[in-house]
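Chain residues, written in single-letter form:
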Amino acid sequence: MASTSLATLPSQLASPVRLRRRAALSSASRPHFLLHRATKGGSQCRLAVTCNAQAVAPTSFAQGTPVRPTSILVVGATGTLGRQVVRRALDEGYDVRCLVRPRPAPADFLRDWGATVVNADLSKPETIPATLVGIHAVIDCATGRPEEPIRTVDWEGKVALIQCAKAMGIQKYVFYSIHNCDKHPEVPLMEIKYCTEKFIQDSGLDYIIIRLCGFMQGLIGQYAVPILEEKSVWGTDAPTRIAYMDTQDVARLTFIAMRNEKANKKLMTFAGPRAWTTQEVITLCERLAGQDANVTTVPVAVLRFTRQLTRCFQWTNDVADRLAFSEVLSSDTVFSAPMNETYQLLGVDGNDILSLEKYLQDYFTNILKKLKDLKAQSKQTDIFF
Amino acid sequence: MSLAPSIPSIKVKVGAVSVAPPHRACRSFAVIRSSKAEGPIRRPAAPPLSPPPPMPPKTPALSTPPTLSQPPTPVKPAAPPTSSQPMPPSPEPKPVDATAQMRKPVAGAMTLEYQRKVAKDLQEYFKKKKLEEADQGPFFGFLPKNEISNGRWAMFGFAVGMLTEYATGSDFVQQMKILLSNFGIVDLD
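Position numbers for residues start from 1 in each chain and track the written sequence from start to end. All chains are assigned letters beginning with A, and all ligands numbers beginning with 1, in the order in which they are written. Residue-level local features of this predicted model are given only where pLDDT is at least 70; pairs of side-chain atoms are given and counted only at 80 or more, and the full residue set underlies all totals for whole chains, interfaces and linings. Only hydrogens and water are set aside; all other atoms, that is, all heavy atoms of the structure, feed into the side-chain values.

You'll find chain B entered in an unreviewed UniProt entry as Light-harvesting complex-like protein OHP2, chloroplastic, with Zea mays given as the organism. UniProt positions are given in the numbering used here, feature names are shortened, and annotations may be inferred rather than shown by experiment. Looking at chain B in UniProt, the text filed under Subcellular location (unreviewed entry) is "Membrane".

By the naming in an unreviewed UniProt entry, chain A goes by NAD(P)-binding Rossmann-fold superfamily protein and is assigned to Zea mays. Regarding chain A, the UniProt comment filed under Subcellular location (unreviewed entry) reads as follows: "Plastid".

Printed below as a string of C-alpha cells:
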C-alpha cells in the first residue's frame, strides 16, 4: 500500500526535471525524445494508481464520505488577486479554504469573511497534503514574496502542490500565469510560469490555465496615491502597453470558467479592454485627480544596468531576478490579447468588463468624497481608512 | 511491455461501464441530495458575513471599497447564492459519471478517507525526500557544500591575517615567526 503509493511519486517527480531540461534545450529532436519518456512515465503512474485503487476502492466506497464539489482551496489567498477570488467564491456559495503561511500578522479578514484558514507553506512540501483533504478544486494564486527566491515557492512549491493534487484526486486545478510567458525565457519568473504550465498539462489533471496581463489594483498605490499626496511619481519611458484588468473581473470570469465544461483543459488569456502605457496612466490620474503630478522618469537602461550590477553578487541575485522584467519592458510592445473568443467561450458580454477609466474614476470619486467628509487636506501624508 | 497491461485494463473498465451506469446514476443523485442537504447549514452563516468584514491594510483598503459596498446590501448577496445553487448540481453528475466510468481510483479519490490516507503517505514521502536530499553525497570530496565551506574559511583566514597586520604592524613573515616562536618550534628571537 504505502510502497505502491511511494512508487508512483518518484515517477511524477521525474517529469519536472525533464521539463527544465526541455525548457533549456532549443533543439527539436530532444524534446520528442523527452516526450516519449514523459508518456512512459505517465503510463507507469496510471498503472500504479490503478493497482493502488483496486485495493482501496471497496473499503473507500463502503466507508467513504464523498468530497463535496463546492469545496475549494485557494492558495495565496492574501494576495491582490487571491482575496478577490476568496470573496467571489464566498459570495457564490462555495466552501472556501485558504492556504496561508504562518506569519506574525495572521489573515484575520479571511476568517471574518467566513473562509476557513489553514496554515501551510509551499516552501515546506510536507505541510501541503493535509490541507488538500476534502477539497474538490484548487485555485492557485500564490507567488513568492520579493524578499525570497522565486524558485523556492514558484517552482518547487508549485511542483509539490501539483503532485499532491494529482495524487489526492483533485478534480480541477486553476493556475494563473503571465501573458507571453513562453516568449521571454530569459526572465526567471516567466520561464517558471511556462514550465509550470507544461507540468500541469503533462500531469493529467483537469486544469484551467489563465494568463494575466496586469491588475488595476497595483496602479492605485503606484500612481494614484502619490498624485493625491503631491509626491513624486515614478514611471518608466518604456513604450510597453499593458491591458490592465480588475481583479474582481478576473475572479468572476474564473468561476464562470470553472463551471463551464468547454473551458476544461484550456489555456486562456485575460486582458482588459484597452492597453495603456505608463505615461497615459499618469495623465489619466492627473486629469481625474484635478492636479498635476511630479513625474520622475526612470529610463529602462538604468533598470538594465542595475540588473547587471545586482547579478554580480549572490545576495542580490533575487533582486536581479525581479529586475529581469526590464527585458520585458524593452522588448514587448503590447501586453494585451484579443478577448472575443474567450468571451464567447465563457458566454460573457465584453461590455461587463470594467475599464480603467471607470475604475480610476470610481476610485477618485470615493477618495475625494472621503477626504471632503473628513475635512482633510489633500497634502495629508498619513491617510487611514 | 508497459503498453500490454494497460490495454486489457481499459477493456475491463469499458465492460464495467455497460453494466453499472444506472447504479452510478443513483449514486450521483445521492451525492446531489447530500450536497443540497448541507445547503441550509451554510445559509445561516451568510448573514453574519456581511456585518463583520474588517478593514484590510492601507493598499487593499484603497482597492476594496467596491467589495465593501457589497456586504451591506442584503439583496445583492442573496441573488448570487440563488444563481450559484442551480449551477453546481448541473456539472456534478457528468464529472462524477465520467470519473466513475473512466477509472475506479478516481472514484475512490472522491472520498475523504482516501484523501486522508494519500495525504499521510505524501507527508511521509516528502519527509523522506528531504532527508535523502540532506544525506546525498560523501562527506569528503569536491562537493558544492564543501567548496563553499572551504572558500569561507579561506576568506576568514585572509581577513584575520590582514586585520592582524593592520592592528599590530607585523607583516605576514613576522607573524609566521611569532607563531613558530610561541609554539616553541624554532627559536627565532
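Read on, since the account is not over.
Attention shifts here to the packing of helix α9 (residues 278-289) of chain A against helix α14 (residues 356-373) of chain A. Residues and elements named next belong to chain A. Packing of α9 against α14 brings their axes to within 10 Å, and their N-to-C directions diverge by 40°. By the angle between their axes, α9 is oblique relative to α14. Of the two possible hands of crossing, α9 and α14 adopt the one that is right-handed. Listed contacts from α14 to V281, L284, C285, L288 and A289 of α9 are L356, E357, L360, Q361, F364 and L368. Fitting a line to C-alpha atoms yields each axis, with helices limited to the stretch in contact; the angle taken between N-to-C directions then spans 0 to 180 degrees. Helical segments are the DSSP runs of H or I of at least four residues, strand segments are the runs of E of at least two, and each set is numbered from the N terminus. Small angles under 35 degrees read as roughly parallel and large ones over 145 as roughly antiparallel, with 65 to 115 read as roughly perpendicular and the rest as oblique. Crossing chirality is assigned from the near helix's rotation relative to the far helix, an anticlockwise turn below a right angle marking it left-handed and a clockwise turn marking it right-handed. For this analysis, residues touch if any pair of their heavy atoms sits within 4.5 Å.

What follows is about helix α3 (residues 80-91) of chain A. Residue and element names in this part refer to chain A. With twelve residues, α3 should cover 16 Å at 1.5 Å per step; its first-to-last C-alpha distance of 17 Å lies within 8% of that length. The buried label applies to any residue whose accessible area, calculated with a 1.4 Å probe on protein chains only, is under 20% of its type's maximum; exposed applies above 50%, and partly exposed to all values in between. Across the twelve residues of α3, ten count as buried, placing the element largely inside the fold. Along α3, the residues that are buried comprise L81, G82, R83, Q84, V85, V86, R87, A89, L90 and D91. Once α3 ends, the next one or two residues include G93, with phi positive near 95°. Here the expected length of a helix is defined as 1.5 Å per residue gap, with one fewer gap than residues.

Moving on to the sheet that holds strand β9 (residues 266-270) of chain A. Residue and element names in this part refer to chain A. By the convention used here, strands pair only if DSSP detects at least 2 bridges between them. Taken together, seven strands build an open sheet; the order of strands is β3-β2-β1-β4-β5-β6-β9 and the sheet is parallel. Lying at the two open borders of the sheet, with one neighbouring strand each, are β3 (116-119) and β9. Across the sheet, the axes of successive neighbouring strands diverge by a mean angle of 20°, strand direction being ignored. As paired strands, strand β1 (residues 71-75) and strand β4 (residues 137-140) are joined by four bridges and run parallel to one another. Residue L73 lies in a different strand from β4, and its bridge partner there is V138. Helix α8 (residues 247-259) contacts β1, β4, β5 (172-178), β6 (207-212) and β9 of the sheet and is inclined by roughly 140° relative to β5.

In this section: the packing of aromatic side chains. How two aromatic rings sit relative to each other is set out by the distance from centre to centre and by the angle between their planes. In this scheme Phe, Tyr and Trp rings, the latter by its six-membered ring, pair at centre separations within 6.5 Å, and the angle between planes marks the pair as stacked below 30 degrees, edge-to-face above 60, and tilted otherwise. As enumerated under the stated definition, the model contains seven aromatic pairs over all chains in all. Ring geometry for F109(A) and W113(A): centres 5.2 Å apart, planes at 80°, overall edge-to-face. Remark: W113(A) and F109(A) occur in helix α4 (residues 108-113); sequence separation between them is four residues, near one turn of the helix. Between W153(B) and F156(B), the aromatic rings sit 5.7 Å apart at their centres with planes inclined by 85°, giving edge-to-face as the arrangement. Of this pair, W153(B) and F156(B) both sit in helix α10 (residues 144-168), separated by three residues, roughly a single helical turn. Looking at F156(B), the relative accessible area reads 48%, which means it is partly exposed. The rule is short: NZ of Lys or CZ of Arg within 6 Å of the ring centre and within 35 degrees of the ring normal puts a charge over the ring. Here R87(A) stacks its cationic end above the ring of W113(A), 5.1 Å away from the centre of that ring. The ring of W276(A) is capped by R274(A), whose NZ or CZ atom sits 4.1 Å from the centre of that ring.

A word on the pairing of β1(A). All names here are of chain A. Within β1, five of the five residues are buried, leaving the element largely enclosed by the surrounding structure. Alternating positions in β1 separate into two faces, S71, L73 and V75 on one and I72 and V74 on the other, with burial throughout. With the strands pointing away from the viewer, any crossover whose connection runs clockwise from the first strand over the helix to the second is right-handed. As for the winding sense of the linkage, the β-α-β connection from β1 through α3 to strand β2 (residues 95-100) is right-handed.

Residues and elements named next belong to chain A. In these notes, a set of buried Ala, Val, Leu, Ile, Met, Phe, Trp, Tyr and Cys residues joined through side-chain atoms within 4.5 Å is what counts as a nonpolar core. Counting 119 residues, the largest nonpolar core has V86, L110, Y176 and F270 as the members making the most contacts within it. At ten residues, the largest contribution of residues to this core is made by helix α5 (residues 150-167). Contacts of Y176, omitting those with residues within four sequence positions, involve L81, V85, I139, D140, C141, K193, I210, L212, V250 and T254.

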